Amino acid sequence: MADEQTPTFQDQFKLFARFGDVKHNGETITLTNSDKWMRQAKVIEGKKITTTDTGIYFKQVAKVKKAITMKEYEQFLEVIVKNKKLDMEELKKKLTTCGPPQTTRTTSATAAGAVGRLTDHTKFTGTHKQRFDESGKGRGKEGRVDTPDSKGYVQGYKDEGTYDATKQ
């Protein structure tokens, strides 16, 4: 195999700190990103450590801040290790070897079934049919808004324009 360099704890911290916000510098991590990291490393499994636990311990270290630095994160891990009676080296090893942040359980768009029927302009009836031309392209405001006719006659009046002729 090629020369694969395993990431350090600091590298992983920066990757997960930046996850979801590429403009973020990676110097501080939020509780959400920390929980994502711990779930991916299988530290949060729902029995020994839960997201409730991490929320409580995170707030103890962070006080009123929403994100904590690397030094404060290590204090956070120490609080977890102390309260949950875990091994710090094993915990850090799991967090270091879990790999880069991954997105899971994403959904893809589908155009089958009901969605396909709802977006087919040829099936529209009534006034909705007027919103599209023959090719299926939307008409924009022209298809949505009835422009007022200011001629002075009501809709459907058959003798439009004959009033002046009868008066003369």
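Model, not experiment: these values are computed from the prediction.

The rules behind these values
- Residues numbered from 1 in each chain as written.
- Predicted model: local features only at pLDDT ≥ 70, side-chain atom pairs only at ≥ 80, totals over all residues.
- Heavy atoms only, no water.
- Buried < 20%, exposed > 50% of the residue type's maximum accessible area, 1.4 Å probe, protein only.
- Helix = DSSP H or I, 4+ residues; strand = E, 2+ residues; numbered from the N terminus.
- Arc of directions from axis to C-beta.
- Contact = heavy atoms within 4.5 Å.
- Axes fitted to C-alpha atoms, helices over the stretch in contact; angles between N-to-C directions.
- Parallel < 35°, antiparallel > 145°, perpendicular 65-115°, else oblique.
- Left-handed = near helix turned anticlockwise from the far one by under 90°.
- Nonpolar A, V, L, I, M, F, W, Y, C, P; charged D, E, K, R; others polar.

Colleague: What exactly am I supposed to notice about helix 5 (residues 88-97) here?
Modeller: Since the α-helix turns once every 3.6 residues, residues separated by three or four places project in the same direction. M88, L91, L95 and T96 are the residues of helix 5 that are buried. Viewed end-on, helix 5 has its buried residues packed into an arc of 130 degrees, placing them on one side of the element. In helix 5, those exposed residues whose orientation departs by more than 90 degrees from the buried face are E89, K93 and T97. Tucked inside the fold, the buried residues of helix 5 contact helix 1 (9-18), helix 2 (31-40) and helix 4 (70-84). One or two steps after helix 5, the chain reaches G99, where phi turns positive at roughly 95 degrees.

Colleague: Where do I start with the packing of helix 3 (residues 51-62) against helix 4 in this structure?
Modeller: Axes are the key here: two packed helices are described by the angle between their axes and the distance separating the axes. Interhelical geometry of helix 3 versus helix 4 gives an angle of 130 degrees and a closest axis separation of 9 Å. Judged on the interaxial angle alone, helix 4 and helix 3 are oblique. For helix 3 against helix 4, the interelement crossing comes out right-handed. Contacts between helix 3 and helix 4 involve D53, T54, Y57, F58, Q60 and V61 on the former and, on the latter, E72, Q75, F76, V79, I80, N83 and K84. When grouped by side-chain class, the residues that make up the contact of helix 3 with helix 4 number 6 nonpolar, 4 polar and 3 charged.

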